[in-house]
Amino acid sequence: MSLEALTKEYQLKSIFPEHYFDKLHVFRLPAGEAICHQGEELTALSYFVEGKVKIVRRLFNGKEHILDIKDKPTLLGDIELLTNQPVVSSVITLEDTVVVQLPLVGIREELLADNTLLLNLSKGLAQSLYDQNIRASTNLNYTLKERLATHILAVEDKGLFTLELKSLADSFSVSYRHLLRVIHELIDLGIIEKEKPYYRIKDMSQLIALKITN
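Each chain carries its own residue numbering, running from 1 in the direction its sequence is written. Reporting in this predicted model follows two pLDDT cut-offs: at least 70 for local features of residues, and 80 or more for side-chain atom pairs to be given and counted; totals over whole chains, interfaces and linings ignore these cut-offs and use all residues. The basis for every side-chain value is the complete set of non-hydrogen atoms in the structure, without hydrogens or water.

Participant: Explain the UniProt feature "domain: Cyclic nucleotide-binding" (unreviewed entry) in the protein chain here, please?
Facilitator: Under the present numbering, the feature "domain: Cyclic nucleotide-binding" (unreviewed entry) in UniProt falls on residues 1–102. Between the end C-alpha atoms of residues 1–102 the distance is 17 Å, and the span holds 14% helix and 40% strand. UniProt positions are given in the numbering used here, feature names are shortened, and annotations may be inferred rather than shown by experiment. Comment: elements are numbered from the N terminus, with helices defined as DSSP H or I runs of at least four residues and strands as E runs of at least two.

Take a look at the structure:
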């Protein structure tokens with residue numbers, strides 16, 4: 001899809017001021033590609049428009065914590081641009097993904113003085129904070145089975161999915177054994193089945209019934 005078509009479909013003018021459009025680039029990335037790496041210098045503002053990505057932070061002990069999985073358009077790099085800090089979390093594609101990028105080389109200070117862009121960034125950060133508060137309350141008020149079902153539905157592709165168990169246990173703040181018990185419970189209920197190297201959804205309706213709806 002061309003930049004012109006993406007501009008119309010995803011209202012890019014509400015993300016990037018029009019006078020920067022000549023600098024925008026469209027990238028199509030396969031599953032498993034990194035849009036940005038934790039700890040590296042931010043080189044571009046990225047607007048993820050199509051596909052699915054996971055946002056991952058590597059902890060001091062080497063473990064990875066999945067912060068979020070997104071399948072809706074999302075701006076990436078706003079925090080790092082405003083704070084002039086290295087990339088705080090890696091963003092990895094889970095399927096074929098389309099990204100619109102604005103390179104920062106030579107225009108970083110100009111961007112930080114652009115009131116229209118700053119307003120757009122502020123709106124995005126406010127929405128992210130709102131979503132984060134919702135997720136925090138979700139983790140407190142829903143069972144692991146419900147959170148796991150929601151995660152599976154977010155990452156499945158044509159009924160197949162994989163589970164990074166250690167990372168997922170850290171993300172849910174539960175033990176590895178507890179997570180395994182709940183997975184086996186879903187298997188015993190006939191909702192999912194193990195089909196190496198994947199899992200397969202056997203009963204989509206039951207899984208959807210467990211999904212968290214906010």
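Participant: Which parts of the structure should I look at to understand the nonpolar core?
Facilitator: Soluble globular proteins tend to pack their nonpolar side chains together in the buried interior. Among buried residues, those of type Ala, Val, Leu, Ile, Met, Phe, Trp, Tyr and Cys that are joined through side-chain atoms within 4.5 Å constitute a nonpolar core. Buried means the residue's accessible area, taken with a 1.4 Å probe over protein chains only, is under 20% of the maximum for its type, while exposed means over 50%, and partly exposed covers the values in between. By size, the foremost hydrophobic cluster in this structure holds 32 residues, and its most contacted members are Leu 12, Phe 16, Val 49 and Leu 102. Listed by contribution, the elements that provide at least two residues to this core are α1 (3–10), β2 (34–36), β3 (44–50), β4 (53–58), β6 (74–76), β8 (97–103) and α4 (115–141). In this structure Leu 102 touches Phe 16, Tyr 20, Lys 23, Leu 24, Ala 44, Leu 45, Ile 107 and Leu 111, once residues within four positions along its chain are discounted. Membership of the second largest hydrophobic core comes to 25 residues, among which are Val 56, Leu 153, Ile 183 and Ile 201. The contact definition used throughout considers only heavy atoms, calling two residues in contact when any of these lie within 4.5 Å.

Participant: I would appreciate a short explanation of the layout of surface pockets in the present structure.
Facilitator: Where empty space is left can be seen by rolling a probe of water-molecule size over the atoms. Points on a 1 Å grid, built from protein atoms alone, make a cavity when a 1.4 Å probe fits but cannot get out and make a pocket when they are open with protein on both sides within 12 Å along at least 5 of 7 lines; residues with an atom within 4 Å of a point are the lining residues. Grid points are joined across faces, edges and corners, and a volume is the space filled by probe spheres set on the points. As a volume, the second largest pocket reaches approximately 340 Å³. Forming the walls of the second largest pocket are 16 residues, and the residues nearest its centre are Leu 94, Val 155, Leu 160, Phe 161 and Thr 162. Among the secondary structure elements, those contributing two or more residues to the lining of the second largest pocket are β5 (64–70), α5 (144–155) and β9 (160–161). Under this grouping Gly is polar, as are all residues other than the nonpolar Ala, Val, Leu, Ile, Met, Phe, Trp, Tyr, Cys and Pro and the charged Asp, Glu, Lys and Arg. For the lining of the second largest pocket, the class distribution of residues is nine nonpolar, two polar and five charged.

Participant: Can you walk me through the sheet that holds strand β10 (residues 192–195) in this structure?
Facilitator: Across a sheet, strands are paired by hydrogen bonds formed along the backbone, either parallel or antiparallel in direction. By definition, two strands form a pair when at least two bridges between them are found by DSSP. Pairing in this open sheet of three strands is antiparallel, and the strands run β9-β11-β10 from one edge to the other. Both outer strands of the open sheet, β9 and β10, are each paired with one neighbouring strand and no more. Working convention: axes come from line fits to C-alpha atoms, limited for helices to the stretch in contact. Angles between N-to-C directions cover 0 to 180 degrees. Packing of helix α7 (residues 176–188) onto the sheet brings it into contact with β10 and β11 (198–201), and relative to β10 it is tilted by some 105°.

Participant: Looking at this structure, I do not really get the pattern of salt bridges. What am I missing?
Facilitator: Pairs can form between side chains of opposite charge whenever their charged atoms are close. Take a side-chain nitrogen of Lys or Arg and a carboxyl oxygen of Asp or Glu: if they are within 4 Å of each other, that pair is a salt bridge. Tallied over the entire structure, the rule returns six salt bridges. Across the pair Lys 70 and Asp 68 runs a salt bridge, and its minimum N-O distance is 3.1 Å. For Asp 68, a relative accessible area of 15% translates into the label buried. Taking the shortest distance from any N to any O, the salt bridge between Arg 200 and Glu 195 comes out at 2.7 Å. By relative accessible area, which is 29% here, Arg 200 ends up partly exposed.

Participant: Is there a simple way to think about the sheet that holds strand β1 (residues 25–29) in this case?
Facilitator: Spatially, four strands are ordered β1-β8-β3-β6 in an open sheet, and the strand pairing comes out antiparallel. The sheet is open, and its two edges are formed by β1 and β6, each paired on a single side. When strand polarity is set aside, the average angle formed by the axes of neighbouring strands in this sheet is 25°. Examined bridge by bridge, β1 and β8 share five bridges and lie antiparallel to one another. Bridge pairing links Val 26 to Val 100 in β8. Strand contacts of α1: β1, β3 and β8, with the helix running at about 75° to β3, the strand carrying the most contacts.

Participant: Can you help me understand the pairing of β5 in this one?
Facilitator: Two faces belong to every sheet, and in a regular strand the side chains alternate between them. Burial within β5 is extensive, with five of its seven residues counted as buried. Pairing geometry for β4 and β5, over six bridges, is antiparallel. Along β5, the bridge assignment pairs Val 56 with Ile 66. Turn length for the β4-β5 hairpin, with the two strands adjacent in sequence and antiparallel, is five residues, and the turn residue Gly 62 shows positive phi of about 90°.

Participant: Explanation requested: the side chain of Thr 74 in the structure shown.
Facilitator: By secondary structure assignment, the location of Thr 74 is in strand β6. According to the relative accessible area criterion, Thr 74 is buried, its value standing at 15%. In this structure the side chain of Thr 74 is engaged in a polar contact, spanning 2.8 Å, whose partner is the backbone oxygen of Lys 72. Residues in contact with Thr 74, not counting those within four places in the same chain, are Ser 46, Tyr 47 and Phe 48. Polar contact criterion, stated in full: a pair of N or O atoms within 3.5 Å, where within protein one must be able to donate a hydrogen and the other to accept it, and residues adjacent in sequence count only if both atoms are side-chain atoms.

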